[in-house]
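Spelled out from the first residue to the last, the chains are:
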Amino acid sequence: MILILAKKKKTMQTIRGFRDILPENIALWQKVEKEATRLFDAFGFKEIRIPVLEKTQLFSRSIGEATDIVEKEMYTFADRKGDKLTLRPEATASIVRSYIQHKMYATDPIRKFFMMGPMFRRERPQKGRYRQFYQIDAEVFGVESAYIDSQLIFILTELFKRLGLTGLSAHVNSLGCPDCRPSFQRALLDFIASKKDRLCDNCLRRIDKNPLRILDCKVTSCKDVLQDAPATLDHLCNHCEDHFATVKTTLETQGVDFIVDKSLVRGLDYYTRTAWEIQTTTLGAQSAVAGGGRYDGLVKELGGPQTPGIGFAIGFDRLVEVMEQLDKAPQATALDLFLICLGDMATEKGYHWSCALNQNGIRTEMDFRGKSMKALMKRANKLNAHYVLIAGEDELIQNAIILRDMNTKEQVSLPVETLVPELIKIFKK
Ligand code: HAM
């Protein structure tokens, strides 16, 4: 006898750092999307949708050649024509590109945008860190006033408050402007000069390319060396000092808690003046739930007119994880009605009833597999149906379809001709 062994097919899996967000976990995501959209709308932000794929140059020119993101984390490839393309690692650069490409500055330079969507960075995956992750991003163009800096931080804290988040702290810093940068850079280079032998190769390479990036190094020995490094905050010009003072006073008068954090440098090069992060203690190493700041030189750098810009991005995945830990997940929505139709005639009628009810926004389902009453009752329970409708041959002959409340077990009979409008009346009450 020849034994044929069935070869078991290997199942396909997501790639490392990529994941599915399953329907049973989606309620929290939708709750955040709804609350964020409501808040953005009230503050005058308009939604923008930008491509997932852009020319690589857009990101290297804006985020900075010597940043971790551009040096090692971007998903970059050549398309069939040889053009270098990159899956967006963040949204700011694309929104700036769009602002310039569509000459939005010409009709109204003051623009406020928000977007939500996936970003891609090839980092080492761990809790709160994925290679495809989601951001809720907001950007404001054309406003130089420090009030907008405070307002963006206020919006973030207001959103987190509405979502019931606790245990977050806002870390705020000023990174200065091109006027004060040189004095800071000199102080930093003087400080580093005697400590070069204790810095990692990456830092040494960055001394000439972009010394500010050294302050963002994650290597523990570098962090130790840089603990007493000069801070941008101690080298601000008068304009930056005044700007930062207004941000702080405004936040104080609004009752927004914040910490001035001299060591906060952010991982992207485009920032000027105010920069901030909202941090949590609940996600281990991945403490930043949101980050943002001003980028007054970026629109010009990318070929537009001199236009101030500022914005933030929330790490959506991290936000959801913090909410899960705080048990803020909303209850899954239950089914309004499950149709138990026994026999061909009842099934045909049931199909039309259920579609009509669905059209009226009533969560209705039925099962077309021809199962028994007992099996269908079990399914209604599994789907957590509030009501079941029972229509067998007898009910059709007697023109008395049964509607049963699954909680109270109370039943009423409804005639076939007016069944749908009667049900709509009951469910819309
Ligand atoms: P970012 O700090 O690079 O800033 O990212 C913002 C947030 O995205 C982080 O605070 C974090 O919560 C989340 N995030 C970043 N990488 C990952 C990852 N691998 N997995 C999960 N979450 C992650 C920006 O992207 C700037 N574009 C923000 C901005 C907008 N600045 C001005 N406007």
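Nothing here was measured: the structure is a model prediction, and the numbers come from that model. Residue numbers run consecutively from 1 along every chain, following the written order of its sequence. Two thresholds apply to this predicted model, a pLDDT of at least 70 for residue-level local features and 80 or more for giving and counting side-chain atom pairs, whereas whole-chain, interface and lining totals are computed over all residues. As a rule here, side-chain values come from all non-hydrogen atoms in the structure, and water together with hydrogens is ignored.

## Notes on the overall build of the protein chain
Then comes step 1: Here a helix means four or more residues in a row that DSSP labels H or I, a strand means two or more in a row labelled E, and each is numbered from the N terminus. Summing up its helical and strand segments, the protein chain has 16 helices and 16 strands in all.
Then comes step 2: The quantity called the radius of gyration is restricted to C-alpha atoms. Its globule counterpart is 2.2 Å times the number of residues to the power 0.38. The globule rule puts the C-alpha radius of gyration for 429 residues at 22 Å, and the 29 Å found for the protein chain is more than 25% above it.
Then comes step 3: Along the first, second and third principal axes, the C-alpha atoms of the protein chain reach 95 × 75 × 45 Å.
Then comes step 4: Only protein chains enter the accessibility calculation, which uses a 1.4 Å probe; a residue is then buried when its area is under 20% of its type maximum, exposed when over 50%, and partly exposed in between. Looking at the protein chain as a whole, 49% of its 429 residues are labelled buried.
Then comes step 5: Contacts are residue-level and defined by heavy atoms, with any inter-residue pair within 4.5 Å sufficient. Here the contacts in the protein chain between residues at least 6 apart in sequence split such that 71% fall between residues at least 24 apart.
Then comes step 6: Neither His nor the chain ends is counted toward charge; the positive residues are Lys and Arg and the negative residues Asp and Glu. For the purpose of locating charges, the reference atoms are NZ of Lys, CZ of Arg, CG of Asp and CD of Glu. Of the charged side chains in the protein chain, 62 are positive and 55 negative, and the gap between their average positions amounts to 4 Å.

## Looking at the packing of aromatic side chains
Then comes step 1: The aromatic pairing rule takes the rings of Phe, Tyr and Trp, using the six-membered ring of Trp, and pairs them if the centres are within 6.5 Å, calling planes under 30 degrees apart stacked, those over 60 edge-to-face and the rest tilted. Evaluated as defined, the whole model comprises 16 aromatic pairs.
Then comes step 2: A ring pair is formed by F40 and F45, whose centres lie 5.4 Å apart and whose planes are at 50°; its orientation type is tilted.
Then comes step 3: Assessed through its relative accessible area of 4%, F45 is described here as buried.
Then comes step 4: Of the aromatic side chains, those joined through ring pairs into one cluster are Y99, Y105, F113, F141, Y270, Y271 and Y295.
Then comes step 5: Remark: a charge is flagged as sitting over a ring if the NZ atom of Lys or the CZ atom of Arg is within 6 Å of the ring centre and within 35 degrees of the ring normal. Here the guanidinium or amino end of R19 rests over the ring plane of Y130, the centre of that ring lying 3.9 Å away.

## A look at the site of the ligand
Then comes step 1: One heavy atom within 4 Å of a molecule or strand makes the whole residue count as near it. Neighbouring residues of the ligand: 27 residues in total, closest E90, E123, R266, Y271 and A288.
Then comes step 2: Identification of polar contacts relies on pairs of N or O atoms within 3.5 Å, with a donor-acceptor requirement for protein atoms, meaning one able to donate a hydrogen and the other able to accept it, and with residues adjacent in sequence counted only if both atoms are side-chain atoms. A distance of 2.6 Å separates a nitrogen atom of the ligand from a polar side-chain atom of E90.
Then comes step 3: Interatomic distance of 3.3 Å between a backbone N/O atom of F312 and a nitrogen atom of the ligand.
Then comes step 4: Computed with the Shrake-Rupley method and a 1.4 Å probe, the accessible areas treat only the protein chains shown as cover for residues. Contact with the protein chains hides 96% of the accessible area of the ligand, taken as 660 Å² for the molecule alone.
Then comes step 5: Taken together, the elements giving at least two residues each to the shell around the ligand come down to strand 6 (132-141), strand 10 (288-294) and strand 11 (309-315).
Then comes step 6: The element that contributes the greatest number of residues to the shell around the ligand is strand 10, accounting for six residues.

## Considerations on the sheet that holds strand 15 (residues 401-405)
Then comes step 1: With mixed pairing, five strands are arranged side by side in an open sheet as 13-12-14-15-16. Both edges of this open sheet fall to strand 13 (364-366) and strand 16 (411-414), since each of them pairs with a single strand only. Ignoring which end each strand starts from, the neighbouring axes of this sheet average 25° apart.
Then comes step 2: Should DSSP find at least two bridges between two strands, the strands are regarded as paired. In this structure, strand 12 (residues 337-341) lies alongside strand 14 (residues 387-391), joined through five bridges in parallel fashion. Among the inter-strand pairings, L337 is bridged to a residue of strand 14, identified as Y387.
Then comes step 3: Axes, fitted as lines to C-alpha atoms, cover a helix only where it is in contact. Angles between the N-to-C directions of the axes lie from 0 to 180 degrees. Of the strands in this sheet, strand 12, strand 14 and strand 15 are in contact with helix 14 (residues 373-382), which crosses strand 12 at around 170°.

## Considerations on helix 6 (residues 146-162)
Residues spaced three or four apart along an α-helix face the same direction, because each turn holds 3.6 residues.
Then comes step 1: The end-to-end C-alpha distance of helix 6, which contains 17 residues, comes to 24 Å, matching closely the 24 Å that a straight helix rising 1.5 Å per residue would cover.
Then comes step 2: What helix 6 keeps buried is the set A146, I148, D149, S150, L152, I153, I155, L156, E158, L159 and F160.
Then comes step 3: For helix 6, the capping residue at the N-terminal end is S145, with a side-chain oxygen 3.0 Å from the backbone nitrogen of Y147.
Then comes step 4: Just beyond helix 6, the residue with positive phi is G164, at close to 80°. Here, expected helix span is obtained from the residue count minus one, scaled by 1.5 Å.

## A short note on the pairing of strand 4 (residues 84-87)
When a strand is regular, its side chains alternate between the sheet's two faces.
Then comes step 1: Bridging between strand 2 (residues 53-55) and strand 4 involves three bridges; their strand directions are antiparallel. Residue pairing for strand 4: L53 is matched across the bridge by L87.
Then comes step 2: Sheet topology note: the strand 3 (residues 76-78)/strand 4 ladder contains three bridges and is antiparallel. By the bridge assignment, A78 is partnered in strand 4 with K84.
Then comes step 3: Between the end of strand 3 and the start of strand 4, which pair antiparallel, lie five residues, with G82 showing a positive phi angle near 95°.

## Notes on the pattern of salt bridges
Then comes step 1: The working definition used for a salt bridge is a side-chain nitrogen of Lys or Arg within 4 Å of a carboxyl oxygen of Asp or Glu. If you walk through the whole model with that rule in mind, you get 22 salt bridges.
Then comes step 2: Between D317 and R19 there is a salt bridge, and its shortest N-O distance comes to 2.6 Å. Remark: R19 occurs in the segment before helix 1 (26-42) and D317 occurs in helix 12 (residues 316-325); sequence separation between them is 298 residues.
Then comes step 3: For D317, a relative accessible area of 3% gives the class buried.
Then comes step 4: In this structure, R162 and E158 form a salt bridge, with 3.0 Å as the shortest nitrogen-oxygen distance.

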